[in-house]
Amino acid sequence: MRPSARARDPRRSTPDPTARHRPARATPTAARRLLAGAAALVMTCLGVPLATTAAAEPVPITDPVVDLVDATATAETRSLFAYLRDVRGQGLLFGHQHTTDVGETFASRDGVSSDVLAATGDHPAVFGFDTLVIEGNIPPGVYGGPREENALLLAQGIREAHDLGGISTLSMHMENVVTGGDFYDTSGDTLRAVLPGGTHNAELRAYLDLVALAADNARDADGNRIPIVFRPWHENTGSWFWWGAAFATPGEFKELFRFTVEYLRDVKGVDNLLYSWSPNGTFGGDAETYLRTYPGDDFVDVLGYDYYDDSGASPDRLATVVADLGMIADLADERGKVSTFTETGPTGGMKPDGENLNTSWFTDLLAAIEADPRASRSAWLLTWANFGGSNAPWTPTEGEMLPDFQAFHADPYTYFADEVEGAFDAVTEPVAAAPVAHLASPSDGSRVASGPTTLRATISGVDVEHASVTVGGAVGEVELTPPAAGELWWTGEWAIPADELGNSTRALTLRVVTAEGEVTVPSAVVLGPEPVFPPGVMDDFEGYGDDTALRAEYVQHNASTVTLERAAAGGSVGSGDNAMRLAYDFANQSYTGVGRQVGADWSGNWDFSLWVDPDASGNKLVLQLVAGGVSYEAYPSLAGDAPYVATIPFADWRPAPWDTGNADRRITQEDLEDVSQFNVYVNATDGGASSGAIVVDDLKAVLGTPPPPVFRDTPRTMAEYEAIEWLAEEGLAEAVRWGDSGGRFYPTRAVKAGELAALLRAYDPEGDVAVPAAPRAGTTKLAVAEAFWRLYGSPATDVTTVYGDVPAASAEAVAWAVETGVVPEPSSTSFGAGHTVKRSALTAMLFRFDALPSPLQPVVIADFEAGDQGWAVPSWSDGTATASGGILTVEAGTDGAWLSGPGGIDLTGRTELRLDVAGTSGFDTKVALQLGPDWTWCETGQAGWVQEPGEVVVDLTTLTDQCQALVGTVQGVNVFLNGGTHRLDAISVH
């Protein structure tokens, strides 16, 4: 525990959430006075007593000399850095993402309202923003609006945060500019595409132009640019974003970050940014692992760390956090940086009462951080946004977690906005820019598949007399020419001989000659295309010329050492000349491993095989295969030390233990058509060795032996086999006694009278399973169509085809059955109504029926009988909405207005949103939905001009396929109305 900190146990009692132990500002500005009044009103309404506070003291600046990435940074930016550097160890600033933009305690954004304010009477000290505002995906951005205007709205939001006493940080979730998908779309090799010289570098520049526009226009009342901590490319050590670890070498990521800094600073002239780097933990307190993708001291001001807690602040997890934060704080001290906890929270956010793992999560985490002399030197801690709707909040607004959050706020070690004093007005001295040189492309450790290739080097801070790149010593030297106007790079053409492209490493040395001497910067690249493997082979390790080539293909998870094991050097290999050796140490971690992208079709194979040389450690070897988007695992043994071949049927693989949503799923041949990743991990176990090394080779999917069919007389080649297998797995075959003691199904046997009703009763005991009496010959196709139609709720259907053998009374049922594909249509004129149905055919029909979406009844989502029910014209749109007498009247501005309603609804299977219009001056509407966990904005097509009262139908099927996949989670509904007056009676979905 820090010597200056008083001993305390946050669990001994619940502190008074309003008893502030440090004084607040003595002379607030007019904006702060207004805020104080608003806070008082909010807290009074919540029944929270208010505290009396006095003036806060500025954090004393220990050193006026400030060495920043941007040597020309504004005085206010230098001051902010000095403040953040020196607040470390004095207190922990609390941050909250989009705290005044979205929330649970306010319906629309006003620039002041905040869930944190409602809970504590104070704003967070750090206001988190994201570039998704520029895309219009988060307020104050406007979906569909010009991005330049949204960038200015982002700037205005930062100004509002500044006026409220906060410090602003800006993260970046850039869309996938190669595929057109969002930041979660990891296809398209996007990171490499946006690098210098890449096919989509221009799109990255255009995006950064908007960041520069926002930064330049974020100005205070005196016109000074407001300092912003800019945090691009976060959580890069994970692989859930397209810039993640699986999609580039560490060197390629470093160059992405470096280009971002150099473009904003040197090309766009932005001078009010501090640059933050924040990989995703954990790192086990190991600095080498943490720094694996570090862009360098010349490009980073703030060292960050994102880590979410799925343990409820267990002692082991807190120890991990403290070790990592302490390690990062030490690095910050050594390098003259600021250390922070850039994102955290209990995994999944605040849960309903009774479901939270630890109701004192905030104070337990705080106590652990404060008690450690190193970890306590973290400038801030930030939690994610409270998006509202069906999303769990990351700061509590009510319930069992609220008292602890209020105690966290009241703790003397936490700083909220009231305690931020002197952050922007300290007098500091800048340090002149240091000489910087690096090879931007090809990046260190990257692969050059063919030649010639352009060499690009950034050289700054020196007067260059001569610049060149020496290639592999014997190959020679490539001269570099100075950058063109407005460009960053010295360039030269490297003509690579064809015989050099053999999948081995070549050293590159950037040489910069100045009047003062010579600067050299070493790097290395792998020459030649990626190894090509036979179908089903994940890797045989024969195509790598050296360790660097191997590491270019594999991502290292946590601390480990990966090398080629060579038979020629006496190494243990499965076959051929090479294998992969994975050495590990559990001194500071509980698991480690490697992985790579696969992108293969392994369908038609039933087993997976690999050669393993175990280390007799007793630890747990984990093979992880991502197939069909699901992570499956298998666990060969490390008990002995004799090499062996492990063959694991795909039927024996199981979803990863943490994927509880897919716990009952099994790998299918369809899954194996899409194999995207393969990982090899070693997990520490109780009693296992603390360190060791294993060797693996010949990782491949093999034909193997298919599992026996579920019934002896239903071979897997049968067209209906998948349906019959499903029937058996669901227990339905057993329920109707289809299958005898000899293991036979009798698929061609006719369905007897009563068997259809029995099968449907087993399938849906609550459903309408009335079936007409069947003739002795068996159940007919017409009877099946009618039974399924009734079970589905007897939906109305426009009958377009008339069959001569179908009675008029059954026409609608048959039309529905044919249109949905439940019952196949034999010809255009004859349905085959009297044909007897066989077991295999009925099973296939039920299988197709089961795949249909559940029949949905229309749902009224707003009838305005109890007021506006959360529907309003938001602050970023022009108009008003008032409810009276069950009617919502919208007065839309000249350019139209968006009417926004709450989320929390599921539109799965819905095809229409309908407006019951009581009166209108005329409009052509469309709907913009905010969908999924990231509030992705999705628009429908136009509904067409409406001038008269009546029902207006908006077609939800006009949403893109990407948006259709997210309609299960609707965060908000926005309806556009043209300028004028519109009276709505109800809004419903169908």
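No experiment lies behind these values; they were computed from the predicted model shown. (Residues numbered from 1 in each chain as written. Predicted model: local features only at pLDDT ≥ 70, side-chain atom pairs only at ≥ 80, totals over all residues. Heavy atoms only, no water.)

### Considerations on the overall build of the chain
If you tally the helices and strands in the chain, you get 20 helices and 45 strands. The C-alpha atoms of the chain give 32 Å as radius of gyration, which agrees with the globular expectation for 990 residues (30 Å, within 12%). Taken along the three principal axes of its C-alpha coordinates, the chain extends 100 × 85 × 60 Å. Here the chain holds 990 residues, and 54% of them are scored as buried. Once local pairs closer than 6 in sequence are excluded, the contacts in the chain between residues at least 24 apart make up 73%. A total of about 39300 Å² of accessible surface is found on the chain, and carbon and sulfur atoms cover 50% of it. Averaged over its 62 positive side-chain charges, the chain has a centre that lies 4 Å from the centre of its 135 negative ones. (Helix = DSSP H or I, 4+ residues; strand = E, 2+ residues; numbered from the N terminus. Rg over C-alpha atoms; globule rule 2.2 N^0.38 Å. Buried < 20%, exposed > 50% of the residue type's maximum accessible area, 1.4 Å probe, protein only. Contact = heavy atoms within 4.5 Å. Areas by Shrake-Rupley, 256 points an atom, 1.4 Å probe, with all protein chains shown as cover. Lys, Arg positive; Asp, Glu negative; His and termini not counted. Charge placed at Lys NZ, Arg CZ, Asp CG, Glu CD.)

### Quick notes on the packing of helix H14 (residues 721-729) against helix H19 (residues 839-850)
Two numbers describe how H14 lies on H19: the axes approach to 8 Å, and their chain directions differ by 75 degrees. Taken as axis vectors, H14 and H19 run roughly perpendicular relative to one another. Of H19, the residues touching H14 (which contributes Glu-722, Ala-723, Ile-724, Trp-726 and Leu-727) are Ser-840, Thr-843, Ala-844, Leu-846, Phe-847 and Asp-850. A breakdown of the residues in the contact of H14 with H19 according to their chemical character gives seven nonpolar, two polar and two charged. (Axes fitted to C-alpha atoms, helices over the stretch in contact; angles between N-to-C directions. Parallel < 35°, antiparallel > 145°, perpendicular 65-115°, else oblique. Nonpolar A, V, L, I, M, F, W, Y, C, P; charged D, E, K, R; others polar.)

### Describing the nonpolar core
Counting residues in hydrophobic clusters, the biggest one holds 122 residues, and the most contacted among them are Tyr-83, Leu-84, Leu-93 and Trp-233. Excluding residues within four positions of it along the chain, Tyr-83 makes contact with Val-59, Ile-61, Leu-93, Ile-167, Tyr-415, Glu-419, Val-420, Glu-421, Gly-422 and Ala-423. Listed in part, the 43 residues of the second largest apolar core include Tyr-544, Leu-582, Leu-610 and Ala-634. (Core = buried A, V, L, I, M, F, W, Y, C linked by side-chain atoms within 4.5 Å.)

### Description of the sheet that holds strand E18 (residues 476-479)
Sheets are built from strands that pair by backbone hydrogen bonding, the pairs being arranged parallel or antiparallel. Ordered in space as E15-E21-E20-E17-E18, the five strands form an open sheet in which the pairing is mixed. Edge positions in the sheet fall to strand E15 (447-448) and E18, since each of these pairs with one other strand and no more. Alignment of strand E17 (residues 464-471) against strand E20 (residues 504-514), held across seven bridges, turns out to be antiparallel. Bridging across to E20, His-466 finds its partner in Val-513. (Pairing = 2+ DSSP bridges.)

### A few points about the packing of aromatic side chains
Under the criterion given, the structure shown has 49 aromatic pairs. An angle of 65 degrees between the planes, with centres 5.4 Å apart, marks the rings of Tyr-308 and Trp-394 as edge-to-face. One end of the pair, Tyr-308, is in strand E8 (residues 306-309); the other, Trp-394, is in the loop between strand E11 (380-383) and helix H12 (402-410), and 86 residues separate them in sequence. By relative accessible area, which is 15% here, Trp-394 ends up buried. In this structure an aromatic cluster arises from ring pairing among Phe-183, Tyr-184, Trp-233, Trp-240, Phe-241, Trp-242 and Trp-243. Lying over the aromatic face of Tyr-635, Lys-620 brings its terminal NZ or CZ to 4.1 Å of the ring centre. (Phe/Tyr/Trp six-rings, centres within 6.5 Å; stacked < 30°, edge-to-face > 60°. Lys NZ or Arg CZ within 6 Å of the ring centre and 35° of its normal.)

### Quick notes on the environment of His-982
Considering the arrangement of structural elements, one finds His-982 in strand E45 (residues 980-989). Assessed through its relative accessible area of 0%, His-982 is described here as buried. On a C-alpha basis, the gap between His-982 and Gly-281 in space is 52 Å, while along the polypeptide they are 701 residues apart. Discounting chain neighbours no more than four positions away, the residues touching His-982 are Leu-888, Thr-889, Val-890, Ala-892, Gly-919, Thr-920, Ser-921, Gly-922, Phe-923 and Leu-977. Side chain to side chain, His-982 and Thr-920 meet in a polar contact 2.7 Å long. (Polar contact = N/O pair within 3.5 Å; in protein donor to acceptor, adjacent residues only side chain to side chain.)

### Quick look at the confidence of the model for the chain
Taken over all residues, the pLDDT of the chain has a mean of 89, while the share at 70 or more is 93%. This stretch, residues 1-55, has a pLDDT under 50; its non-local contacts, to residues over four places away or in other chains, come to 94 contacts. (pLDDT = per-residue confidence, 0-100.)

### Here's the deal with the pairing of strand E28 (residues 620-627)
Counting buried positions over the eight residues of E28 gives seven, a clear majority of the element. In the sheet, E28 pairs with strand E29 (residues 630-634) via five bridges, with the strands oriented antiparallel. Bridge pairing links Leu-623 to Ala-634 in E29.

### As for a negative patch on the surface
A cluster of acidic side chains, namely Asp-601, Glu-670, Glu-673, Asp-674 and Glu-722, defines a negative patch on the protein surface. Mapped onto the secondary structure, Glu-670 falls in the loop between strand E31 (654-655) and strand E32 (675-683). (Patch = residues over 30% accessible without salt bridge, like charges linked within 9 Å, V, L, I, M, F, W, Y side chains within 5 Å. Salt bridge = Lys/Arg side-chain N within 4 Å of Asp/Glu carboxyl O.)

### Side note on the pattern of salt bridges
Enumeration according to the criterion identifies 33 salt bridges in this entry. As a salt-bridge pair, Arg-374 and Asp-330 come within 2.8 Å of each other at their nearest N and O atoms. Linking Arg-374 in the loop between helix H11 (361-371) and E11 with Asp-330 in helix H10 (residues 315-335), this pair joins segments that are 44 residues apart in sequence. A relative accessible area of 34% means that Arg-374 is categorised as partly exposed. Among the salt bridges present, the one from Arg-447 reaches Glu-553, with a minimum N-O distance of 2.9 Å. Taken together, the positions of Arg-447 in strand E15 and Glu-553 in helix H13 (residues 547-553) put the pair 106 residues apart, joining distant regions of the chain. In this structure Arg-447 comes out as buried when scored by relative accessible area, which is 19%. Counted as one network, the salt bridges with shared partners bring together Asp-216, Arg-219, Arg-225 and Asp-271.

### Re the environment of Gln-677
Residue position: Gln-677 is located in strand E32. With 326 residues separating them in the primary sequence, Gln-677 and Lys-351 have C-alpha atoms 32 Å apart. In contact with Gln-677, other than residues within four places in its own chain, are Arg-596, Gln-597, Val-598, Gln-624, Leu-625 and Val-626.

### So, the sheet that holds strand E41 (residues 936-939)
Taken in spatial order, the four strands make up an open sheet running E37-E44-E40-E41, and their pairing is antiparallel. Of all strands in the sheet, those bounded by a partner on one side alone are strand E37 (897-905) and E41. Strand-to-strand twist across the sheet, computed as the mean angle between neighbouring axes with direction ignored, equals 20 degrees. Bridge count for E37 against strand E44 (residues 970-977) is seven bridges, and the pairing is antiparallel. Considered in E44, the bridge of Ala-897 is made with Leu-977.

### As for the packing of helix H16 (residues 755-763) against H19
As a packed pair, H16 and H19 sit with axes 12 Å apart at the nearest point and diverge in direction by 30 degrees. The orientation of H16 with respect to H19, classified from their angle, is roughly parallel. In this structure, the crossing between H16 and H19 has a hand that is right-handed. On H19, the residues touching Glu-755, Leu-756, Leu-759, Leu-760 and Tyr-763 of H16 are Arg-839, Leu-842, Leu-846, Phe-849 and Asp-850. The class makeup of the residues in the contact of H16 with H19 is seven nonpolar, no polar and three charged. (Left-handed = near helix turned anticlockwise from the far one by under 90°.)

### With respect to the state of the cysteines
Considering all chains together, one arrives at one disulfide under this definition. Between Cys-938 and Cys-963 runs a disulfide, and the two sulfur atoms are separated by 2.0 Å. Handedness here is read from the sign of the S-S torsion; for Cys-938 and Cys-963, about -85 degrees, the answer is left-handed. In this pair, Cys-938 sits in strand E41 while Cys-963 sits in helix H20 (residues 961-964), placing the two residues 25 residues apart along the sequence. Given the relative accessible area of 1%, Cys-938 is considered buried. (Disulfide = S-S within 2.5 Å.)

### Description of helix H8 (residues 250-267)
Here H8 is 18 residues long and its end C-alpha atoms lie 25 Å apart, about the 26 Å a rise of 1.5 Å per residue gives. Of all 18 residues that make up H8, 14 are buried, and the element is covered over most of its length. After H8 finishes, the residue Gly-269 shows a positive phi value of roughly 70 degrees. (Expected span 1.5 Å × (residues − 1).)

### Examining the environment of Gly-502
Along the polypeptide, Gly-502 turns up in the loop between strand E19 (490-494) and E20. Here the alpha-carbon distance between Gly-502 and Ala-762, two residues 260 residues apart in the chain, equals 63 Å.

### Topic: the side chain of Gln-97
Within the secondary structure layout, Gln-97 lies in strand E2 (residues 92-97). For Gln-97, a relative accessible area of 1% puts it in the buried group. At 3.3 Å, the side chain of Gln-97 forms a polar contact with the side chain of Ser-171. Each residue touching Gln-97, except ones within four places of it in the same chain, is listed here: Gly-128, Phe-129, Asp-130, Ser-171, Leu-382, Thr-383, Trp-384, Ala-385 and Asn-386.

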